[in-house]
Amino acid sequence: AIAGITVGLTVVPQSMGFAALAGLTPEYGLYSSYIGCFLYIILGSCRQVTVGPVSLLSLLVFQTCGTEFPQCAIWIGFWSGVFQLLMAGLHLGVIVSFISEPVTVGFTAGAAITTMSAQIKNLLGMKVANGSGIVSIWKELFRHYDTVTTGDAVMGITSFLALLFLKRVKDFKAPEGRRKRFWKKCFWYVTVARNALIVVTTTIIAFIWSNPPFKLTGKVQSGLPAVAPPKFSLPAENYANGTDSTEMLDFWETWQKYSTAPLVAAIIAILQNVAISKAFGSGQSVDATQEMLTLGVTNVFGSFFSAIPSCGSFSRSAVNDASGVRTPMGGLFTGTLVLLSLAFLTPSFYYIPKASLAAVIISAVMT
């Protein structure tokens, strides 16, 4: 219970940031954060893994779909789940064992660098076009350096430095005496709940400040999404790009346009899930084929609840492990906390500064 609630305090702000990274409104991150938690209790093979939106899959969705195109993101999630189920049915988990550790490390480091680069503009409040790769992202950042907003930059950098400080609080020496164990536990809780502490603090500041000089998240849709199958035919153009075309692609035209994204998402998710299981699953029997099955069911089932592609998260799994999780049942408390947030806390999410969310994401991928 303690581990599940602790991870929940991390997943709520992180998932909102990952939704923004995918070019979607914050609620889609929350929609994607509870289905995997519940299903992993039944199907998962590593107790530390927490399934939900992650940075690299969010970037893939953005580069494929652009902004404000949730139907495309959900479509990718559904078909990536289908591919994962096919791989599990063919018992292809053995192939994962041939992936060397340097490849896994390089994959993880590349994802972290790309994610941090994509969040710099939000951290500093810059008006920059979204790049399609790390080189184009940094070209745009240097080209538009003069668009840095003082309010956002102060908020973002202060939040980031505070997160780095809070990360070290657990290493502080507790006062000697009978209450030493109590203080040590308090320091540890401050560290693992640092994301929630920063988001809550900056949200209160934004709420009290009548006209804050930094950008806010804005309105977040409350409640659960309507349960419906994903759309298998997508619009010919993304409406957010300034077109009002109602032309629809048929099933095969949709596949021709977006065909590679679901397969790439499926492979990335499997690699990340297995890498996390190997990192934290010492003494546990980690079955790569079972992980494929779990991710497949999660993404297919999640697409009916407006979830974007999901897999295990390194940072949240690390928090889960540090919290002393004993079984996958921790996911029950994490998922419940996300549902409660959707039901009761979304009005307050309006005041979350975008810069502090960017700081949370950058800090998370640095872990």
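Residues numbered from 1 in each chain as written. Predicted model: local features only at pLDDT ≥ 70, side-chain atom pairs only at ≥ 80, totals over all residues. Heavy atoms only, no water.

Per an unreviewed UniProt entry, the recorded name for the protein is SLC26A/SulP transporter domain-containing protein, and the organism is Allacma fusca.

Trainee: Give me the packing of helix H3 (residues 35–43) against helix H16 (residues 330–344): which residues, what numbers.
Mentor: Contact geometry of H3 with H16 gives a least axis separation of 8 Å together with a crossing angle of 160°. It follows that H3 is roughly antiparallel to H16 by the angle criterion. In the crossing of H3 with H16, the sense of the turn from one axis to the other is left-handed. Mapping the contact onto sequence places Cys-37, Phe-38 and Ile-41 in H3 and Gly-331, Leu-332, Thr-334, Gly-335, Thr-336 and Leu-339 in H16. Tallied by class, the residues present in the contact of H3 with H16 amount to five nonpolar, four polar and no charged. (Axes fitted to C-alpha atoms, helices over the stretch in contact; angles between N-to-C directions. Helix = DSSP H or I, 4+ residues; strand = E, 2+ residues; numbered from the N terminus. Parallel < 35°, antiparallel > 145°, perpendicular 65-115°, else oblique. Left-handed = near helix turned anticlockwise from the far one by under 90°. Contact = heavy atoms within 4.5 Å. Nonpolar A, V, L, I, M, F, W, Y, C, P; charged D, E, K, R; others polar.)

Trainee: Pulling in residues and values, what's your account of the UniProt feature "transmembrane region" (unreviewed entry) in the protein?
Mentor: Listed under "transmembrane region" (unreviewed entry) in the UniProt record, and renumbered for this structure, are residues 38–62, 74–99, 148–166, 187–209, 258–280, 292–309 and 329–352. The distance from the first to the last C-alpha atom of residues 258–280 is 34 Å, and the span holds 96% helix and 0% strand. Helix and strand shares over residues 329–352 are 79% and 0% respectively, and the end C-alpha atoms of the span are 30 Å apart. (UniProt positions renumbered as here; feature names shortened; annotations may be inferred.)

Trainee: How would you sum up the side chain of Ser-117? Please name residues and give values.
Mentor: Following the sequence through the fold, Ser-117 ends up in helix H7 (residues 101–124). One polar contact links Ser-117 to Trp-138, side chain to side chain, over a distance of 2.8 Å. If sequence neighbours within four positions are ignored, Ser-117 has contacts with Ile-134, Ile-137, Trp-138 and Leu-141. (Polar contact = N/O pair within 3.5 Å; in protein donor to acceptor, adjacent residues only side chain to side chain.)

Trainee: Which residues make up the state of the cysteines, and what values go with them?
Mentor: Scanning all chains against the criterion turns up one disulfide. There is a disulfide in this structure between Cys-65 and Cys-72, and the S-S distance comes to 2.1 Å. On the sign convention where negative is left-handed, the bridge of Cys-65 and Cys-72, at about -70° about the S-S bond, is left-handed. The exposure classification of Cys-65 matches that of Cys-72, with both residues buried. Its sulfur unpaired, Cys-37 is 13 Å from the next cysteine sulfur, which belongs to Cys-311. Free of any disulfide, Cys-46 has its nearest neighbouring cysteine sulfur in Cys-311, separated by 13 Å. A relative accessible area of 0% places Cys-46 in the buried class. (Disulfide = S-S within 2.5 Å. Buried < 20%, exposed > 50% of the residue type's maximum accessible area, 1.4 Å probe, protein only.)

Trainee: An account of the environment of Pro-212 is needed here, citing residue identities and associated values.
Mentor: By the secondary structure assignment, Pro-212 is in the loop between helix H11 (194–208) and helix H12 (251–258). Sequence separation between Pro-212 and Phe-18 is 194 residues; the distance between their C-alpha atoms is 23 Å.

Trainee: Give a description of the packing of aromatic side chains that names residues and reports values.
Mentor: Following the criterion strictly, the structure yields 21 aromatic pairs and no others. For the ring pair Trp-79 and Trp-255, a centre distance of 5.2 Å and an interplane angle of 70° mean the geometry is edge-to-face. Of the two residues, Trp-79 is situated in helix H5 (residues 70–89) and Trp-255 in helix H12; the sequence distance between them amounts to 176 residues. Residues Phe-207 and Tyr-351 carry aromatic rings whose centres are separated by 5.1 Å and whose planes lie at 90° to one another, so their mutual orientation is edge-to-face. Highlighted residues: Phe-207 in helix H11 and Tyr-351 in the loop between helix H17 (346–349) and helix H18 (354–366), separated in sequence by 144 residues. The exposure class of Tyr-351 is partly exposed, given its relative accessible area of 26%. Through pairs of rings, three or more aromatic residues link up here, namely Trp-75, Phe-78, Trp-79, Phe-83, Phe-232, Phe-251, Trp-252, Trp-255 and Tyr-258. Seen from the ring of Phe-182, Arg-179 lies directly overhead, with NZ or CZ sitting 4.7 Å from the centre. (Phe/Tyr/Trp six-rings, centres within 6.5 Å; stacked < 30°, edge-to-face > 60°. Lys NZ or Arg CZ within 6 Å of the ring centre and 35° of its normal.)

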